[in-house]
Amino acid sequence: MSTELIRLTAAELAAKIHSREVSSVEVTRAHLDRITQVDPAVHAFLHVAAEPALAAAAEVDAALAGGKAPASPLAGVPLALKDVFATSDMPTTCGSKILEGWRPPYDATVTARLRRAGVVILGKTNMDEFAMGSSTEHSAYGPTHNPWDTTRIPGGSGGGSAASLAAFEAPLAIGTDTGGSIRQPAAVTGTVGVKPTYGGVSRYGLVACASSLDQGGPCARTVLDAALLHEVIAGHDPLDSTSIDSPVPAVVEAARRGAGGDLRGLRVGVVSELGGEGYQPQVEASYRAALSTLESLGAELVTVSCPHFRYALAAYYLILPSEVSSNLARFDAMRYGLRVMPAPDASAEEVMAATREAGFGDEVKRRIMLGTYALSSGYYDAYYGKAQQVRTLIARDFTAAFGQVDVLVSPTAPTTAFPIGEKVDDPLAMYLNDLCTIPANMAGNAAMSVPSGLAESDGLPVGLQIMAPALGEAVMYRVAAAFEAARNAADGGPLIQRVNGLEATV
Amino acid sequence: MAPGRHPLSGADLDLSFAARDAAMIIAAMDVIAVPVPFLTRREMPESTHDPAGGIISRAEVEHLARLARLAVTDEELDRFATQLDVILASVAQVGEVAAADIEPTSHAVPLTNVFRPDEIRPGLTQEQALSGAPASELGRFQVPRILGEEA
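Residues numbered from 1 in each chain as written. Chains lettered and ligands numbered in written order. Predicted model: local features only at pLDDT ≥ 70, side-chain atom pairs only at ≥ 80, totals over all residues.

Draft legend 1. Geometry of the overall build of chain B. In terms of regular secondary structure, chain B is built from 4 helices and 2 strands. When the helices and strands of chain B are read in sequence order from the N terminus, they spell out α-α-α-α-β-β. Across the 151 residues of chain B, 23% fall into the buried class. The long-range share in chain B, meaning contacts at least 24 apart out of those at least 6 apart in sequence, stands at 63%. (Helix = DSSP H or I, 4+ residues; strand = E, 2+ residues; numbered from the N terminus. Buried ≥ 20, exposed ≤ 12 C-beta atoms within 10 Å, placed from the backbone. Contact = placed C-beta atoms within 7 Å.)

In structure tokens:
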């Protein structure tokens, strides 16, 4: 029974829980058992909150037994929360030693909304330190392993969230996407990941990486599940001044409509700059097959050029480190977090320097120094100022493209999951993983990844990226759901059911 | 200032993390002045630049580490200097873009004058604000000495 429960989608679990066919406690226990069983091999979780999760599940069951309507369409369904969201009853470490064991005195807005919706938080997931990385190898607590092949990376920074889905440890997860940290892990784990429009999901209580790029979003195994979660966490929050004060796009309705599979009248833009040299041939092959599928659903394919996308990566790695160098100044060993005393009578400045040296990992240090450099007077105009201008040009490319088409598509990542250790000491090679995902962060529009198939050579998942205008989530989910339905029909079922990297463990 | 008005424009200010930290800062206000190394525009020493090397020299990286309050080791300096040089050489391609008349985008979604009602709501208690402190005494953050030996 419990092994069947963990294979169900969030929508299916919710239906069973709300009809009292199974209890939320049973569902939660099944997932906790699964975590006990497979997480030693996956390491998706940094903290498992078994008791609070069962208590939250029991509350949902009690409310339903008392005749109350479910608090939300996902009430009683378990979820894995990225360890970058503040949780008052669980540690929040951001994958960093500097916050080891830190318990925030408040909940993030996303955390609070999940609780209010009756979603059961199973625990906190592993991530690259302060969300800086594309492989989860930069976690201070050790890497997460890809459930498709545990010798490979699960993507990053939200590798823990994506791996928890692919390992059937949770049916839902939350990620954050600053340069692709939701979408790239989704692509390499055969799951669905959505970066909402910047400002669509509150950043209050989301520990900042780069404030003008960070965006929380839903992760799931199906497009509909992602949409259901999207509607739970999205919406205006007065505690986040960059939060968008307008209605949440009707993404659940769009996903349901899309599953019908009719994309006639829709124009899909194929970005000519995202593909070709530097892309794994099997990724390209899966992408070409996805384009044919979209065409077979009635969509009209249009080749679109976004000439400034080629500068997106360079501009991103100036803007992000600059914001990081400022945001991470708060870790000063004074108010919370680690404090290292290099000598009993050390000065505050010496304590800060020793603490930050001991508490931050290499990638964080690199980016702090890079940002400090880019913001230095004399270099500011050449680097940071220029990068901000590039950002404007990328936004203009998107505007021009969306004048011709409804959505844009590309591969989500240039390669499938690579072996753990392969790129960890080569920062530039690591940065290239975000080539296709960064433009949407720079412009702030919506984008998502949906599984497109397996690469023939290595049998690993490939993702299709769908990008939509700001607040254009509805059309994006519609296309994703149509594609998912057609792909599953042609393939004889969802891609995720073919994951078998944990067979030796289970 | 009119009631309910924030004195600053919201446009270039990340108010959300300001809001989050406000409670802690307020809690610390009547305690001890906490030195925070705010990293804004900094002077890079011209003299340390090594034109024979790449974009950034080891001495410059050492200076950056000091500015960023990172007590890096000699081994790290060697490694970071090489890596940062490679990264900078790559990101420098933003200079290729002819963008003299292009205005910069600092935020993805331009918003100006974002206010919320100036209403009293509960903040953190003193106990909560101090709950993560590495050291506290008498309800206050306890910090190392702030002045150097020579002061």
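Having seen it, we continue.
Draft legend 2. Just the overall build of chain A, in detail. Looking only at helices and strands, one finds 17 helices and 11 strands in chain A. Against the 2.2 N^0.38 benchmark of 23 Å for 506 residues, chain A shows a C-alpha radius of gyration of 21 Å, consistent with a compact globule. For chain A, the spread of C-alpha atoms along the principal axes amounts to about 65 × 55 × 45 Å. Burial analysis of chain A (506 residues in total) assigns 67% to the buried set. (Rg over C-alpha atoms; globule rule 2.2 N^0.38 Å.)

Draft legend 3. A look at the sheet that holds strand E2 (residues 78–82) of chain A. Residue and element names in this part refer to chain A. With respect to topology, 11 strands assemble into an open sheet ordered E1-E3-E2-E4-E6-E5-E10-E11-E9-E7-E8, the strand pairing being mixed. Bordering the open sheet on either side are strand E1 (45–48) and strand E8 (300–304), each of which pairs with just one other strand. Recorded for the sheet is a direction-independent mean angle of 30° between the axes of neighbouring strands. Inspection of the sheet shows strand E7 (residues 267–271) paired to E8 by 5 bridges, in the parallel sense. Residue pairing across strands places Gly-269 opposite Val-302, the latter belonging to E8. Contacting strand E4 (172–176), strand E5 (192–195), strand E6 (216–220) and strand E10 (446–454), helix H8 (residues 223–233) runs over the sheet at an angle of about 150° to E6. (Pairing = 2+ DSSP bridges. Axes fitted to C-alpha atoms, helices over the stretch in contact; angles between N-to-C directions.)

Draft legend 4. Here's a closer look at the packing of helix H3 (residues 24–42) of chain A against helix H4 (residues 50–65) of chain A. All names here are of chain A. H4 packs onto H3 with a crossing angle of 155° between their chain directions and a minimal axis gap of 8 Å. For the element pair H3 / H4, the angle class is roughly antiparallel. Judged by the twist between their axes, the crossing of H3 over H4 is right-handed. Counted together, Ser-24, Val-25, Thr-28, Arg-29 and Leu-32 of H3 and Ala-50, Ala-53, Leu-54, Ala-57, Ala-58, Val-60 and Asp-61 of H4 form the full contact between these two elements. For the contact of H3 with H4, the class distribution of residues is 8 nonpolar, 2 polar and 2 charged. (Parallel < 35°, antiparallel > 145°, perpendicular 65-115°, else oblique. Left-handed = near helix turned anticlockwise from the far one by under 90°. Nonpolar A, V, L, I, M, F, W, Y, C, P; charged D, E, K, R; others polar.)

Draft legend 5. Quick look at the interface of chain B and chain A. Counting residues at the interface gives 68 residues for chain B, matched by 72 residues for chain A. Elements supplying a minimum of two residues to the side of chain B that touches chain A: helix H1 (15–29), helix H2 (58–67), helix H3 (74–91) and helix H4 (126–130) of chain B. Of all the elements, H1 of chain B adds the most residues to the side of chain B that touches chain A, at 8 residues. Within the side of chain B that touches chain A, the residues separate by chemical class into 44 nonpolar, 14 polar and 10 charged.

Draft legend 6. View of the nonpolar core. Residues and elements named next belong to chain A. By size, the foremost hydrophobic cluster in this structure holds 202 residues, and its most contacted members are Leu-79, Leu-122, Ala-315, Leu-318, Val-407 and Ile-466. The element contributing the most residues to this core is helix H11 (residues 312–327), with 10 residues. The contacts of Leu-122, once residues within four sequence positions are left out, are His-31, Leu-32, Ile-35, Val-48, Ala-49, Ala-53, Pro-78, Leu-79, Ala-80 and Ala-170. (Core = buried A, V, L, I, M, F, W, Y, C linked by C-beta atoms within 7 Å.)

Draft legend 7. Looking closely at unusual backbone geometry. Residue and element names in this part refer to chain A. Here the amide bond leading from Gly-156 into Ser-157 is cis, since omega sits at 10°, within 30 degrees of zero. Here Ser-157 is to be found in the loop between strand E3 (120–125) and helix H6 (159–166). One non-glycine residue with positive phi stands out, namely Thr-136, at about 65°. Tracing the chain through its elements places Thr-136 in the loop between E3 and H6. A tally of 34 C-beta atoms within 10 Å means that Thr-136 is categorised as buried. If you check the backbone angles, Ala-333 has positive phi at about 70° while not being a glycine. One can find Ala-333 in the loop between H11 and helix H12 (348–359). Given 25 C-beta atoms within a 10 Å radius, Ala-333 is considered buried.

Draft legend 8. View of the environment of Met-334 of chain A. All names here are of chain A. With respect to the secondary-structure elements, Met-334 resides in the loop between H11 and H12. Judged by the 24 C-beta atoms lying within 10 Å of it, Met-334 falls in the buried class. On a C-alpha basis, the gap between Met-334 and Val-351 in space is 9.1 Å, while along the polypeptide they are 17 residues apart.

Draft legend 9. Structural context of the pairing of strand E11 (residues 461–468) of chain A. Residue and element names in this part refer to chain A. With 8 of its 8 residues buried, E11 lies for the most part within the structure. Relative to E11, strand E9 (residues 407–411) runs antiparallel, the two being bridged by 4 bridges. Looking across to E11, one finds that Ser-410 is bridged to Gln-465. Sheet topology note: the E10/E11 ladder contains 8 bridges and is antiparallel. Within E11, the residue paired with Gly-453 across the bridge is Val-462. Remark: 6 residues form the turn of the hairpin made by E10 and E11, two consecutive strands paired antiparallel; Gly-459 in that turn has positive phi of roughly 65°.

Draft legend 10. Local environment of the confidence of the model for chain B. Residue and element names in this part refer to chain B. Taken as a whole, chain B shows an average pLDDT of 71; of its residues, 62% reach a score of 70 or greater. Across residues 1–42, where pLDDT falls below 50, the model places 82 contacts with residues more than four positions away in sequence or in other chains. pLDDT under 50 marks residues 46–52. Its contacts with residues more than four places away, or in other chains, come to 7 contacts. If you check the scores for this complex, the pTM reads 0.92 and the ipTM reads 0.92. (pLDDT = per-residue confidence, 0-100.)

Draft legend 11. Just the packing of H11 of chain A against helix H13 (residues 362–374) of chain A, in detail. Residue and element names in this part refer to chain A. Where H11 contacts H13, the two axes come as close as 7 Å, and the packing angle between them is 100°. Taken as axis vectors, H11 and H13 run roughly perpendicular relative to one another. Across from Leu-318, Leu-320, Pro-321, Ser-322, Val-324 and Ser-325 in H11, the residues of H13 making contact are Arg-367, Ile-368, Leu-370, Gly-371, Thr-372 and Ala-374. Split by residue class, the contact of H11 with H13 holds 7 nonpolar, 4 polar and 1 charged.

Draft legend 12. A look at helix H17 (residues 473–491) of chain A. Taking 1.5 Å per residue as the helical rise, H17 of chain A with its 19 residues ought to reach 27 Å, and the 26 Å between its terminal C-alpha atoms agrees with that figure. Just past H17 of chain A, the residue Gly-492 of chain A takes up positive phi, approximately 80°. (Expected span 1.5 Å × (residues − 1).)

Draft legend 13. Spatial organisation of the environment of Ile-6 of chain A. Residue and element names in this part refer to chain A. When you line up the elements, Ile-6 lands in helix H1 (residues 2–7). Through-space distance from the C-alpha of Ile-6 to that of Ala-30 is 6.6 Å; in sequence the pair is 24 residues apart. Once you skip the residues sitting within four places of it in the chain, Ile-6 turns out to touch Ala-30, His-31, Arg-34 and Phe-168.

Draft legend 14. A look at the environment of Leu-291 of chain A. Assignment of secondary structure puts Leu-291 of chain A in helix H10 (residues 281–296). Through-space distance from the C-alpha of Leu-291 of chain A to that of Ala-53 of chain A is 42 Å; in sequence the pair is 238 residues apart.

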